Amino acid sequence: MTLRDYQHKMVDDTRDALARVRAVLIQSECGSGKGTVTAYMINRAVQRGKRVLFLVRGRDRVSDMHDRVTRLEIPHGVLMGGQKRERSHATQIASIDTLHRMQHKPKADLLIIDECHFGLSPTFRQVLDHYASVKIIGMSATPSLGNGKPLGLKSGGIFEEIVYGPSVNDLIGHGHLVGSRVFAPPPPEGMQGLKKKKTGEFDEGQGASICDNRKVIGDMIENYRRHSSDRKFASFGFHQKHAFHIAEQFREAGINCAYVDAETPDGDIHTPGTRKFIWDQYDNGDLVGVSSVATIDTGWDHSICKALLFLSKTAAFPRFRQRLGRGSRPHKGFSDFHVHDHTGNLWEFLEDGPYFESEIDWQLDGDAVKKKSDDDPAMRVSTCKRPQPIPDGGVPGWFRGDTANGYMLCCYHTFKAGPRECPRCGLPVTVGAPDVKVEAGELQEVTAAMKQKSAAQLAHEARMKLRYLELVKQGQRGGKSGKAYSPAWATVQFRYEFNRFPNRAWKEEVLEMLAE
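So, how was this worked out
- Residues numbered from 1 in each chain as written.
- Predicted model: local features only at pLDDT ≥ 70, side-chain atom pairs only at ≥ 80, totals over all residues.
- Heavy atoms only, no water.
- Helix = DSSP H or I, 4+ residues; strand = E, 2+ residues; numbered from the N terminus.
- Buried < 20%, exposed > 50% of the residue type's maximum accessible area, 1.4 Å probe, protein only.
- Contact = heavy atoms within 4.5 Å.
- Areas by Shrake-Rupley, 256 points an atom, 1.4 Å probe, with all protein chains shown as cover.
- Pairing = 2+ DSSP bridges.
- Axes fitted to C-alpha atoms, helices over the stretch in contact; angles between N-to-C directions.
- Core = buried A, V, L, I, M, F, W, Y, C linked by side-chain atoms within 4.5 Å.
- Right-handed = clockwise from strand over helix to strand, strands pointing away.
- Parallel < 35°, antiparallel > 145°, perpendicular 65-115°, else oblique.
- Left-handed = near helix turned anticlockwise from the far one by under 90°.
- Nonpolar A, V, L, I, M, F, W, Y, C, P; charged D, E, K, R; others polar.
- Lys, Arg positive; Asp, Glu negative; His and termini not counted.
- Salt bridge = Lys/Arg side-chain N within 4 Å of Asp/Glu carboxyl O.
- Polar contact = N/O pair within 3.5 Å; in protein donor to acceptor, adjacent residues only side chain to side chain.

Caption draft 1: Structural context of the overall build of the protein chain. Scanning the protein chain for helices and strands turns up 15 helices and 20 strands. Looking at the 516 residues of the protein chain, the share that counts as buried comes to 47%. Within the protein chain, contacts between residues separated by at least 24 positions form 69% of all contacts whose residues are at least 6 apart in sequence. Per element, the accessible surface of the protein chain, about 25,400 Å² overall, is 49% carbon and sulfur.

Caption draft 2: Summary view of the sheet that holds strand S1 (residues 23-27). Strand order in the open sheet made by the seven strands is S3-S4-S2-S5-S6-S1-S7, with parallel pairing throughout. Looking along the sheet, the strands with just one partner apiece sit at the ends: strand S3 (76-79) and strand S7 (161-164). Going from strand to strand, the sheet's axes swing by 20° on average, the running direction of each strand aside. In the sheet, S1 pairs with strand S6 (residues 135-140) via five bridges, with the strands oriented parallel. Looking across to S6, one finds that Leu-25 is bridged to Gly-138.

Caption draft 3: Main features of the nonpolar core. Counting residues in hydrophobic clusters, the biggest one holds 63 residues, and the most contacted among them are Ile-42, Ile-112, Val-290 and Trp-300. For this core, the element with the most residues is helix H2 (residues 34-47), which contributes six residues. Setting aside residues up to four positions removed in sequence, Trp-300 forms contacts with Ala-234, Trp-279, Tyr-282, Val-290, Cys-305 and Arg-326.

Caption draft 4: Geometry of the environment of Gly-218. Relative to the helices and strands, Gly-218 is located in helix H8 (residues 214-228). Expressed as a C-alpha distance, the spacing of Gly-218 and Phe-250, which sit 32 residues apart in the sequence, is 8.4 Å.

Caption draft 5: Geometry of the pairing of strand S13 (residues 336-341). Most of S13 is tucked away: six of the six residues are buried. Taking every second residue as pointing to the same face, both faces of S13 are buried, with Asp-336, His-338 and His-340 on one and Phe-337, Val-339 and Asp-341 on the other. Relative to S13, strand S8 (residues 179-183) runs parallel, the two being bridged by five bridges. Looking at S13, one finds that Gly-179 is bridged to Asp-336. Handedness of the crossover joining strand S12 (residues 305-310) and S13 through helix H11 (residues 317-324): right-handed.

Caption draft 6: Summary view of the packing of helix H1 (residues 5-18) against H2. Running from amino to carboxyl end, H1 crosses H2 at an angle of 50°, the nearest separation of the two axes being 10 Å. Taken as axis vectors, H1 and H2 run oblique relative to one another. Crossing geometry of H1 relative to H2 is assigned as right-handed. Contact residues: Gln-7, His-8, Met-10, Val-11 and Arg-15 in H1; Thr-36, Val-37, Tyr-40, Met-41 and Arg-44 in H2. Across the contact of H1 with H2, the residue classes break down as five nonpolar, three polar and two charged.

Caption draft 7: Spatial organisation of the pairing of S8. Burial within S8 is extensive, with five of its five residues counted as buried. Here S8 shows two buried faces, one formed by Gly-179, Arg-181 and Phe-183 and the other by Ser-180 and Val-182.

Caption draft 8: Looking closely at the side chain of Asp-261. As for its placement among the helices and strands, Asp-261 is situated in the loop between strand S10 (257-259) and helix H10 (275-284). One buried charged residue, Asp-261, remains without a salt bridge, the closest side chain of opposite sign being Arg-275 at 6.0 Å. Engagement of the side chain of Asp-261 in a polar contact is seen with the side chain of Tyr-259, the distance being 2.9 Å. Those residues in contact with Asp-261 that lie beyond four places of it in its chain are Gln-240, Arg-275 and Thr-295.

Caption draft 9: Looking closely at the sheet that holds S10. If you trace the six strands from one edge of the open sheet to the other, you get S8-S13-S12-S9-S11-S10, paired in parallel fashion. Here the strands that pair on one side only, and so sit at the sheet edges, are S8 and S10. With strand direction ignored, the average angle separating the axes of adjacent strands in the sheet is 20°. One ladder, built from four bridges, connects strand S9 (residues 232-236) with strand S11 (residues 289-292); its direction is parallel. Counterpart to Phe-236 in the pairing with S11 is Ser-292. The strands touched by H8 are S8, S9, S12 and S13; relative to S13, the strand with the most contacts, the crossing angle is about 155°.

Caption draft 10: Geometry of unusual backbone geometry. Phi at Glu-115 is positive, roughly 50°, even though this residue is not glycine. Topologically, Glu-115 is positioned in the loop between strand S5 (110-113) and helix H5 (122-130). Residue Glu-115 is classed as buried on the basis of its relative accessible area, which comes to 8%.

So, in structure tokens, the structure goes:
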């Protein structure tokens, strides 16, 4: 097995860390080859006479690692429902649910946990307690719980050190991944008021009641046709019925789309309706799209997927980040993947890093996610975003794009800041021109300027909120008489300074603060 240079470094750094601590987490981007690194480490451990237990969540991930170690000719067993168990082998690939139910668990010298951001569940915890003295390696592109809690030992997790793989922009720059183009329309009416459950996730039933109708799904299909019809896609629904309806309506529109969920049997490539048949038709046949809820969130590696259609919304940043990774693997004929965000995921995670190219600082303890500064060189980009009027003399020879209604149309190409003209179509990127109007329901590409503007608006809102809270506290201290002012005093002072009233949500937060 041949590893890339950065993969060798990940292996070496992990070995050094395991000499110091018991549990090490490897963070590396979706598509960076964590599965290859895992198979390499299993092979190395077996050569040294070690017993390895690979823990995975989901049938697809069990099958994927089984195929990898089979190609390396490593004798191994598979612990999963419906599979014959061969426990004599030093390497065992185990479904965590199956292993949890086993009364007599196999012995192990090394545990490797795939997608270890699931590794703090009660099921995982009970299994890990059984192997209390065994070394642990965790793998994840998004080492954080859905609620944002990190996975470090000091924060209630299990890991003591973290090994970082290369950044997403390094991987894109070396051709190991491709970048994204993001399109985002105004979300359907009602999405702004989407409520969260006790778990912190958005209410799927309420979300589906807004998005599971022919009008909203029809808009998504129409925009897919307009922007991404040359690409195979994956679509995400709020719940199973919603995802099923998405696939159904795509088929009615003449676009072959399959629905997949946890109950879809493995089968084989010759049996319609099974996973292996669907995946084979998606990779090699005429199946254009796959619609699901969580089945394809993680560990679903099909490089031909080059469009992601979001008709659901998640409050879990790791889940959103994992979904973005489904389109990032290189595939012949494509230099990028498209993201169609119909439900406002982009704005939900604006402060965390909403774009696939966002550099995320993952931490073991404290704040799990720390977004890099907008001044980071990797984020300094220009975007061809403004059409230009066609001159009286006709379309100039340097222009390489499309024209319509008397304008040379922008191509929305995004590139490193520096050139004064778009490298793709030739349009000047600094000359002002009327913005293109977007019709109702039509997707609008999110450009670098829009990213900067939205970030600036958030920062301004944060400063105003801080000022309002300061005024409330000042009012509580009172004037010369020592008598506290009511919150209305802070509201009047705020309006005097900013010529607007404070947000209602801020007021509610203040009332909660005063009630404590």
